[in-house]
Amino acid sequence: MLSESRVLVINCGSSSLKFSVLPLGEDMPLLSGLAERLGLDNASISFKNESGEKRTAPLDEATHECALETLFSEMSSLCLMDSLCAIGHRVAHGGSEFRHSVLITSEVIGKIRHLSELAPLHNPANLVGIETAMSLLPDLPHIAVFDTAFHQTMPPEAYTYAIPLEYRDDYQIRRYGFHGTSHRYIAMETVKELGLDPDNHGILVAHLGNGSSVCAVKNGKSVDTSMGMTPLEGLVMGTRCGDIDFGAAAYLAKCTNQSIESIYQVMNSQSGLLGLSGISSDCRTLQEARQQGDDRATLAIDVMVHRLARHLGGHLASLTHLDALVFTGGIGENSALIRELVIDNLAVFNLKIDKEKNQSVAGGKRGVISEPDSPVILVLPTNEEKMIAGDAAEIAETVSRLPHSYEHHIIA
């Protein structure tokens, strides 16, 4: 085993940087936080220790480098730097190139940069965090963990769009799926929680948050998922529309004299719950408005629930049997209303919810919320940071034993 016992997990956005310091095998971080408004005015960084105490400090410069330098200074003051064995970086899009987490090298950075064409809102920001952290801590192994990797087990019929096949082969236009780290974690936890056969199970995972997706997991492998080439396809989300007829998008562009690029931005940032409700992208706010009788908030939730139930029903077709339907993510873990409405829409599959149990599960709790004569319905908190830390530590352990270059090492 490595003498060092902790992993720093970094999730870098264009104007933010989320981080966690996790002991190996543990669920809760010793230190976590968020740097916000990077590149803008009033940039700040917040820290939360293992006791839950929080503090926020302004950044001298609104840059990712300053945020990381401030983080490393804080970690040094807490004697956390010397115990790091690796840094794990969340990367949105690995295309079909990366089926597993991988040690970051110059070659890997080049491939991630090339894949930015498939994820222009995510991969460039991820690279900023990677390159900045590597410049500040070059002697530590840096590992990329891809949101798309878990879904690379989907069969061709699940990932191929019905357009001329040359577009898939020449331009990589196909379905990739996202939230793979969360779906992988939940699938593993479900097998343990319910004592399922690791080699013979069927699980539906509903990861519901500001971004949402469904995944069908068969015997530990992703066989279908609701997101596609980008995180726009699939479910109704906070500001993303999910599935839409391309003909409707083209017609809208014509009617409003907008470019396809402009319509794409509308579908990503002004649609979903926000666009339907005209109030907010936050499901909690809309649930309160729904209780007050707001028609648009009610419609927004109803559309989201209908789309989710339809995708769950459709994803069942990729399984031979269903052992459990699992809710996770901020909405999935905390909204008893959304869970109840979705299950009501799935009555044809004999799914039944225990309303009392359903109401009691929130705030990080886990538990079965189904009736005894129903297929199992389970709520599990996700922990993507733990998965990233585990992958990073496993690769770092292997790298430490290699006598020569570890340029192409990946985790199996």
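Our subject is the structure listed above.
Since the structure is predicted, the reported quantities are computational estimates derived from the model, not experimental observations. (Residues numbered from 1 in each chain as written. Predicted model: local features only at pLDDT ≥ 70, side-chain atom pairs only at ≥ 80, totals over all residues. Heavy atoms only, no water.)

**Q** Could you give an account of the pairing of strand S14 (residues 376–379), naming the residues involved and the relevant values?
**A** As paired elements, strand S12 (residues 324–328) and S14 share 4 bridges and run parallel to each other. The residue bridging Ala324 from the neighbouring strand is Val376, located in S14. Judged from the 2 bridges that link them, strand S13 (residues 367–368) and S14 form a sheet pairing that is antiparallel. From the neighbouring strand, Gly367 faces S14, where its bridge partner is Val379. (Pairing = 2+ DSSP bridges. Helix = DSSP H or I, 4+ residues; strand = E, 2+ residues; numbered from the N terminus.)

**Q** Describe helix H11 (residues 295–315), with residues and values.
**A** For H11, built from 21 residues, the straight-helix expectation of 30 Å at 1.5 Å per residue is met to within 8% by its first-to-last C-alpha distance of 30 Å. All buried positions along H11 are accounted for by Ala297, Ala300, Ile301, Met304, Val305, Arg307, Leu308, Ala309, His311, Leu312, Gly313 and His315. Where H11 begins, one side-chain oxygen reaches toward the backbone nitrogen of Arg296, 3.0 Å away; that side chain belongs to Asp294. (Expected span 1.5 Å × (residues − 1). Buried < 20%, exposed > 50% of the residue type's maximum accessible area, 1.4 Å probe, protein only. Polar contact = N/O pair within 3.5 Å; in protein donor to acceptor, adjacent residues only side chain to side chain.)

**Q** Before we move on, can you summarise the pattern of salt bridges with the specific residues and values?
**A** With the rule as written, the count across this model stands at 19 salt bridges. Salt-bridge contacts for Asp147 lead to Arg90; the nearest nitrogen and oxygen are separated by 3.0 Å. Within this pair, whereas Asp147 is found in the loop between strand S8 (142–146) and helix H4 (156–159), its partner Arg90 is found in strand S6 (residues 84–91), the two being separated by 57 residues in sequence. For Asp147, a relative accessible area of 7% corresponds to the buried category. Of the charged contacts in the structure, one is a salt bridge between Asp391 and Arg184, with a shortest N-O distance of 2.7 Å. Within this pair, whereas Asp391 is found in helix H15 (residues 384–401), its partner Arg184 is found in helix H6 (residues 180–194), the two being separated by 207 residues in sequence. With relative accessibility at 6%, the residue Asp391 sits in the buried group. Several salt bridges converge on common partners, so that one network encompasses Glu189, Lys192, Glu193 and Arg366. (Salt bridge = Lys/Arg side-chain N within 4 Å of Asp/Glu carboxyl O.)

**Q** Account for the pairing of strand S2 (residues 17–23), with residues named and values stated.
**A** Summarising burial for S2: 6 of the 7 residues are buried, a large majority. Sheet topology places strand S1 (residues 6–12) next to S2; 7 bridges connect them, and they run antiparallel. Looking at S2, one finds that Ile10 is bridged to Phe19. As judged from the 5 bridges shared by S2 and strand S3 (residues 31–36), these two strands associate in the antiparallel manner. Pairing of Leu17 across the sheet is with Ala35, part of S3.

**Q** How would you explain the packing of helix H10 (residues 283–291) against helix H13 (residues 336–344) if you had to name every residue and give the values?
**A** Contact geometry of H10 with H13 gives a least axis separation of 10 Å together with a crossing angle of 75 degrees. Considering their axes alone, H10 and H13 lie roughly perpendicular with respect to each other. Contacts between H10 and H13 involve Cys283, Gln287 and Arg290 from the former and Leu337, Ile338 and Leu341 from the latter. Looking at the contact of H10 with H13 residue by residue, the class counts come to 4 nonpolar, 1 polar and 1 charged. (Axes fitted to C-alpha atoms, helices over the stretch in contact; angles between N-to-C directions. Parallel < 35°, antiparallel > 145°, perpendicular 65-115°, else oblique. Contact = heavy atoms within 4.5 Å. Nonpolar A, V, L, I, M, F, W, Y, C, P; charged D, E, K, R; others polar.)

**Q** Describe unusual backbone geometry, with residues and values.
**A** Phi angles above zero are rare outside glycine, and Arg37 is one such case at about 60 degrees. Position of Arg37 relative to the elements: it lies in the loop between S3 and strand S4 (44–49). Classification of Arg37 by relative accessible area gives partly exposed; the value is 40%. Notably, His179 is not glycine yet its phi reads approximately 60 degrees, a positive angle. For His179, the position within the fold is in the loop between helix H5 (165–171) and H6. Judged by relative accessible area, which is 10%, His179 ranks as buried.

**Q** Help me get a handle on the environment of Ile203, residues and values and all.
**A** Looking at the element boundaries, Ile203 is found in strand S9 (residues 202–207). In the structure, Ile203 is positioned 122 residues away from Leu325 in sequence and 6.0 Å away in space, judged by C-alpha atoms. Ignoring any residue separated from it by four or fewer positions in sequence, one finds Ile203 in contact with Ala187, Thr190, Val191, Leu196, Cys215, Ala216, Val217, Leu319, Ala324 and Val326.

**Q** Tell me about the sheet that holds strand S5 (residues 54–58), and please be specific about residues and values.
**A** As summarised here, the arrangement of the 8 strands in space is S5-S4-S3-S2-S1-S6-S8-S7, forming an open sheet in which the pairing is mixed. The strands lining the two open edges of the sheet, one partner per strand, are S5 and strand S7 (102–103). Relative to S5, S4 runs antiparallel, the two being bridged by 5 bridges. Bridge pairing in S5 links Ser46 to Thr56. The strands touched by H15 are S1, S2, S6, S7 and S8; relative to S6, the strand with the most contacts, the crossing angle is about 125 degrees.

**Q** Quick one: what's the story with the side chain of Thr239, residue by residue and with numbers?
**A** Positionally, Thr239 belongs in the loop between strand S11 (221–225) and helix H7 (246–256). Under the relative-accessibility criterion, Thr239 is labelled buried at 18%. In terms of polar contacts, Thr239 uses its side chain to reach the backbone carbonyl oxygen of Asn268, at 2.8 Å. Setting aside residues no more than four positions away along its own chain, Thr239 makes contact with Asn210, Val266, Met267, Asn268, Ser269, Gln270, Ser271, Gly272, Leu274 and Ser281.

**Q** Run through the state of the cysteines, naming residues and quoting values.
**A** What the rule picks out here adds up to 0 disulfides. Summary of cysteine pairing: Cys241 is not part of a disulfide, and the nearest cysteine sulfur, belonging to Cys255, is at 17 Å. (Disulfide = S-S within 2.5 Å.)

**Q** Report on helix H1 (residues 64–77), specifying residues and quantitative values.
**A** With 14 residues, H1 ought to run about 20 Å at 1.5 Å a step, and its terminal C-alpha atoms sit 20 Å apart, in line with that. Those residues of H1 that fall on the buried side of the exposure criterion are His64, Cys66, Ala67, Leu68, Leu71, Phe72, Glu74 and Met75. The first or second residue beyond H1 is Cys79, which carries a positive phi of 60 degrees.

**Q** Can you tell me about the side chain of Arg174, naming the residues and giving the values?
**A** Take Arg174: it is sitting in the loop between H5 and H6. Of the buried charged residues, Arg174 lacks a salt bridge, with Asp169 as the closest side chain of opposite charge at 9.1 Å. With residues up to four places along the chain from it excluded, the contact list for Arg174 reads Ser96, Gln152, Met154, Tyr159, Tyr161, Arg168, Gly228 and Met229. (Lys, Arg positive; Asp, Glu negative; His and termini not counted.)

Distances and angles like these do not, on their own, reveal function.
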